[in-house]
Amino acid sequence: TIVLLPSGTTTPYNTLTRQWKYIFDIGNEEATYLEVPKVQSDARFIMTRHFEDSQLITDILYDHVKEVSKDPSNEVVIIVGHGPEDTEDNGPDLENLSAHGDRIKAKNEYVDVKIINLQDDAIPPIRESNVRQLRKWIKKADGDGKSVIVVALAAASHGVQTHIRNDLKGLNYTFADKGMAEHPKYVEWMAQAVVEALEADASEQQLSSVR
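Since the structure is predicted, the reported quantities are computational estimates derived from the model, not experimental observations.

## Considerations on the overall build of the protein chain
Helix and strand content of the protein chain: 6 helices and 6 strands. Secondary structure elements of the protein chain, listed N to C terminal, follow the sequence β-α-β-α-β-α-β-α-β-α-β-α. Radius of gyration (C-alpha) of the protein chain: 19 Å, near the 17 Å computed for a compact globule of 211 residues. With the C-alpha coordinates of the protein chain rotated into their principal frame, the extents come out at 60 × 35 × 25 Å. A burial count over the protein chain gives 42% of its 211 residues as buried.

In structure tokens form, the structure reads like this:
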């Protein structure tokens, strides 16, 4: 059994995850990109959960914000994700990820906590709309005399962070730009995701044998 752990996407609501499932023949019959040959192996492939609403991912985001925070009672936190390509995936993706913002907001340390996806690979009009909204939030908070902390919901410390910097040129904000993989709890999340996937697979195999 080979366990696949998707760390490049935040939830299952995206074309890339569906392409992976097509390639490894684990639940997606059609390609979302190219119809490439599927992986041929005697091994069984199972896929773990994505970041989704994991408490460990919330902890990482919170710690990265705290590292750059100076005056929480006057700060607005904005969580920015890469986001899915398709508009129909963005709604459920953000709904799933909103738990991170809700948990940080519930600590009552910051003025507000918002979350948005850039949809970095979407067609220009969609991506540009998200950037306009993000810039609008930052300008509004700055105009109200609040400080803004932007934190990236991304595993690596490069890639989407570079795009975010370019998108927010000229604005007054602080960037918590560390990749989540730099945090010790990222390894905990990986281990937890693998164990949960194996346990779920074992249960499914047991039920199948009973049937």
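## Points about the sheet that holds strand β5 (residues 147-153)
Strand order across the open sheet formed by 4 strands is β4-β3-β5-β6, with parallel pairing between neighbours. The open sheet is flanked by β4 (112-117) and β6 (174-176), the only strands paired with a single partner. Averaged over all neighbouring strand pairs, the angle between strand axes comes to 25°, with direction disregarded. Taken together, the 6 bridges between strand β3 (residues 75-81) and β4 define a ladder with parallel strand orientation. Residue pairing for β4: V77 is matched across the bridge by V113. Most of the contacts of helix α2 (residues 55-68) go to β5, to which it runs at about 140°, and overall it touches β3, β5 and β6. Helix α3 (residues 87-106) rests against β3, β4 and β5 of the sheet, and its axis sits at about 155° to β4.

## Side note on the nonpolar core
Of all hydrophobic cores here, the largest spans 23 residues; its most connected members are I57, L61, I79 and M180. Those elements that provide at least two residues to this core are α2, β3, α3, β4, β5 and α6 (184-210). At 6 residues, the largest contribution of residues to this core is made by α2. Setting aside anything within four residues of it in sequence, one finds L61 in contact with I79, H100, I104, V151, A152, L153 and M180. If you look at the next biggest cluster of nonpolar residues, it comprises 19 residues, including V131, V148, I164 and L171.

## Focus: helix α5 (residues 160-167)
Two residues of an α-helix separated by three or four positions point the same way, owing to the 3.6 residues in each turn. Within the sequence span of α5, burial applies to V160, Q161, I164 and D167. Angularly, the buried residues of α5 cover 120° about the axis, an arc narrow enough to put them on a single face. Structurally, α5 contributes buried residues whose contacts are with β3, α4 (124-143), β5 and β6.

## Side note on the packing of α2 against α3
Two elements in contact, α2 and α3, have axes separated by 9 Å at closest approach and are oriented at 60°. The pairing of α2 with α3 is recorded here as oblique in orientation. Two packed elements cross with a definite hand, and for α2 against α3 that hand is right-handed. Of α3, the residues touching α2 (which contributes Q55, I57, T58, L61 and Y62) are H100, R103 and I104. Residues belonging to the contact of α2 with α3 are distributed by class as follows: 4 nonpolar, 3 polar and 1 charged.

## Side note on unusual backbone geometry
Positive phi, normally seen in glycine, also occurs at N108, with a value near 60°. With respect to the helices and strands, the residue N108 is situated in the loop between α3 and β4. By relative accessible area, which is 70% here, N108 ends up exposed. Even without glycine at this site, Q119 takes up a positive phi of about 50°. Given the relative accessible area of 3%, Q119 is considered buried.

Rules used in this analysis
- Residues numbered from 1 in each chain as written.
- Predicted model: local features only at pLDDT ≥ 70, side-chain atom pairs only at ≥ 80, totals over all residues.
- Heavy atoms only, no water.
- Helix = DSSP H or I, 4+ residues; strand = E, 2+ residues; numbered from the N terminus.
- Rg over C-alpha atoms; globule rule 2.2 N^0.38 Å.
- Buried < 20%, exposed > 50% of the residue type's maximum accessible area, 1.4 Å probe, protein only.
- Pairing = 2+ DSSP bridges.
- Axes fitted to C-alpha atoms, helices over the stretch in contact; angles between N-to-C directions.
- Contact = heavy atoms within 4.5 Å.
- Core = buried A, V, L, I, M, F, W, Y, C linked by side-chain atoms within 4.5 Å.
- Arc of directions from axis to C-beta.
- Parallel < 35°, antiparallel > 145°, perpendicular 65-115°, else oblique.
- Left-handed = near helix turned anticlockwise from the far one by under 90°.
- Nonpolar A, V, L, I, M, F, W, Y, C, P; charged D, E, K, R; others polar.

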